[in-house]
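Chains, contacts and geometry: an overview
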Amino acid sequence: MSIILYIIVMAGVTYLVRMIPFTFFRKKINSIFIKSFMYYIPYAVLSAMTIPAIFYSTGNMTTAFIGTAVGIILAYCNMPLIVVALASSLTALLCGVLF
Amino acid sequence: MTKKKAFIDGVKDGIPIALGYFSVSFGFGISAVGLGISVLHCVIISLTNLTSAGQFQGIQIIALSGTLIEMALVQLVINMRYSLMSLALSQKLDSTFTLKHRLFASYGITDEIFAVCSTKQGKLSPYYMYGIISVSTLGWTFGTFLGAVFGAILPPLLTSSLGILLYGMFLAIIVPPARKNHKILFVVGISAMFSSVCKYFLPMISGGFAVIICSVLSAVLGALLFPINDTEQD
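From a predicted model like this one, the values you see are computed outputs, not experimental measurements.

How each quantity is defined
- Residues numbered from 1 in each chain as written.
- Chains lettered and ligands numbered in written order.
- Predicted model: local features only at pLDDT ≥ 70, side-chain atom pairs only at ≥ 80, totals over all residues.
- Heavy atoms only, no water.
- Helix = DSSP H or I, 4+ residues; strand = E, 2+ residues; numbered from the N terminus.
- Rg over C-alpha atoms; globule rule 2.2 N^0.38 Å.
- Buried < 20%, exposed > 50% of the residue type's maximum accessible area, 1.4 Å probe, protein only.
- Contact = heavy atoms within 4.5 Å.
- Areas by Shrake-Rupley, 256 points an atom, 1.4 Å probe, with all protein chains shown as cover.
- Domains from an automatic or database assignment.
- Buried area = accessible area lost by both parts, 1.4 Å probe.
- Salt bridge = Lys/Arg side-chain N within 4 Å of Asp/Glu carboxyl O.
- Polar contact = N/O pair within 3.5 Å; in protein donor to acceptor, adjacent residues only side chain to side chain.
- Nonpolar A, V, L, I, M, F, W, Y, C, P; charged D, E, K, R; others polar.
- Expected span 1.5 Å × (residues − 1).
- Core = buried A, V, L, I, M, F, W, Y, C linked by side-chain atoms within 4.5 Å.
- Axes fitted to C-alpha atoms, helices over the stretch in contact; angles between N-to-C directions.
- Parallel < 35°, antiparallel > 145°, perpendicular 65-115°, else oblique.
- Left-handed = near helix turned anticlockwise from the far one by under 90°.
- Phe/Tyr/Trp six-rings, centres within 6.5 Å; stacked < 30°, edge-to-face > 60°.
- Lys NZ or Arg CZ within 6 Å of the ring centre and 35° of its normal.

**Quick word on the overall build of chain B**
Each helix and strand counted, chain B has 12 helices and zero strands in total. For chain B, the α and β elements follow one another from N to C terminus as α-α-α-α-α-α-α-α-α-α-α-α. Taken against the 2.2 N^0.38 rule, which gives 17 Å for 234 residues, the C-alpha radius of gyration of chain B at 19 Å falls within 12% of a compact globule. Along the first, second and third principal axes, the C-alpha atoms of chain B reach 55 × 50 × 35 Å. When each of the 234 residues of chain B is scored for burial, the buried share is 56%. Contacts in chain B between residues at least 24 apart in sequence constitute 79% of all its contacts with a sequence separation of at least 6. For chain B, the accessible surface area stands at approximately 10100 Å², while carbon and sulfur atoms represent 73% of it.

**Comments concerning the domain arrangement of chain B**
Many analyses report the size of an interface as the accessible area lost when the parts associate. All names here are of chain B. Each domain of chain B was delimited in the assignment, giving domain 1 (3-162) and domain 2 (181-232). Where domain 1 abuts domain 2, roughly 550 Å² becomes buried across the two surfaces, and 78% of that area is made up of carbon and sulfur atoms. Three residues stand out in domain 1 for area buried against domain 2, namely Gln57, Glu70 and Val77, and they jointly supply 64% of the buried area on that side. At the junction of domain 1 with domain 2, the criterion picks out zero salt bridges. Between the two partners, domain 1 and domain 2, sit zero residue pairs in polar contact (both at pLDDT 80 or more). If you tally residues by element for the side of domain 1 that touches domain 2, the top one is helix α4 (residues 68-78), at five residues. Classifying every residue of the side of domain 1 that touches domain 2 by side-chain character gives four nonpolar, one polar and one charged.

**Details of helix α11 (residues 182-201) of chain B**
With 20 residues, α11 of chain B ought to run about 28 Å at 1.5 Å a step, and its terminal C-alpha atoms sit 28 Å apart, in line with that. All of the buried residues along α11 of chain B are Ile184, Val187, Val188, Ile190, Ser191, Ala192, Phe194, Ser195, Ser196 and Cys198 of chain B. If you follow the buried residues of α11 of chain B, they end up packed against α2 (32-50) of chain A together with α10 (165-180) and α12 (207-225) of chain B.

**Details of the nonpolar core**
Counting 81 residues, the largest nonpolar core has Phe22 and Met49 of chain A together with Leu89, Cys117 and Met129 of chain B as its most contacted members. Looking at this core element by element, the count peaks at 10 residues for α10 of chain B. If we skip the residues at most four places from it in the chain, Phe22 of chain A touches Ser86, Leu89, Ser90, Leu93, Phe97, Arg102, Ala105, Ser106, Ile109 and Met129 of chain B. Ranked by size, the runner-up nonpolar core spans six residues in total, among them Ala48 of chain A together with Cys198, Ala210 and Cys214 of chain B.

**Focus: the packing of α10 of chain B against α11 of chain B**
All names here are of chain B. In the contact formed by α10 and α11, the axes pass within 5 Å of each other and the chain directions differ by 130 degrees. As summarised for this structure, α10 and α11 are arranged oblique, according to the angle between their axes. In this structure, the crossing between α10 and α11 has a hand that is left-handed. In this structure, α10 contributes Ile174, Pro177, Ala178 and Lys180 to the contact, and α11 contributes His182, Ile184, Leu185 and Val188.

**Brief notes about the packing of aromatic side chains**
Tallying each qualifying case throughout the model produces 10 aromatic pairs over all chains. Plain terms: the ring middles of Phe186 of chain B and Phe226 of chain B are 5.3 Å apart, the flat faces sit at 75 degrees to each other, and that makes the pair edge-to-face. Note that Phe186 of chain B is positioned in helix α11 and Phe226 of chain B in the segment after α12, a separation of 40 residues in sequence. Chaining the aromatic ring pairs together yields one cluster made of Tyr39, Tyr40 and Tyr43 of chain A. Over the ring of Tyr76 of chain A we find Arg179 of chain B, and its NZ or CZ is 4.4 Å from the ring centre. Seen from the ring of Tyr56 of chain A, Lys199 of chain B lies directly overhead, with NZ or CZ sitting 4.3 Å from the centre.

Structure below.
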């Protein structure tokens, strides 16, 4: 299948989920269930995407595991996004050089 | 406030976002080229999507020749959070925000841009949003381009360590709220558990669908067990 078709579907859906509520939606959502679902979904998505895929992200489970541990500790200490991301990566690199 | 001043304000507020995006999208470019996607296509994906998690999952689907339905559903679920952000921002727009501006500005609603726009004092001008969006898009697209081009030249050890970069960013987004809020911790934990079960015990479910099933199931469980009250929704 042509990659352009994939990109059109990908970009089209991504644009529509942003555009429709921003442009046309005027009503207030009152359902507690829907509000709660919408509140939790970003965390659920990111968590499912990260675990266990992060352990395979460097091609070496040892370096990935140590990189993940450093990332979690720094994120737990409320470090900025870019610091956490770069430190995980740098740790994995250093471990790769050392072992 | 003039249009020009609003735009410049937006650019200033967007610079830290652009720097963060640059390094993450560099990792995206490397991953995408590693999966066999051309440099031009990588750049087009970043320019037209402007989203990390969706693109990252999207290139896996392309690499495995998944169906277009799977692609659409995965993007819908992963990016559903933007609907909520768009909804919240739509309440904050100033009177010059006409239909045309809404159609353009909605392209650039990302987690970070939403965070900056929603916490800004007063109403939002379209030109302020264009300022943030243009500098962030530049960082995201240029980073992708450099990652895609230099990914092949850099030593494999270096590029493989960059594979963890996007996931590191996800950790930075989910860990701090999970630490403060036990309900979020529950949802994050159960979703990680479901996702691991899919990976090790149900390998016939493809990665994209696994993310949908696990996250929808976890968010429904969270909503049923711990419905939120209005004060938590910011």
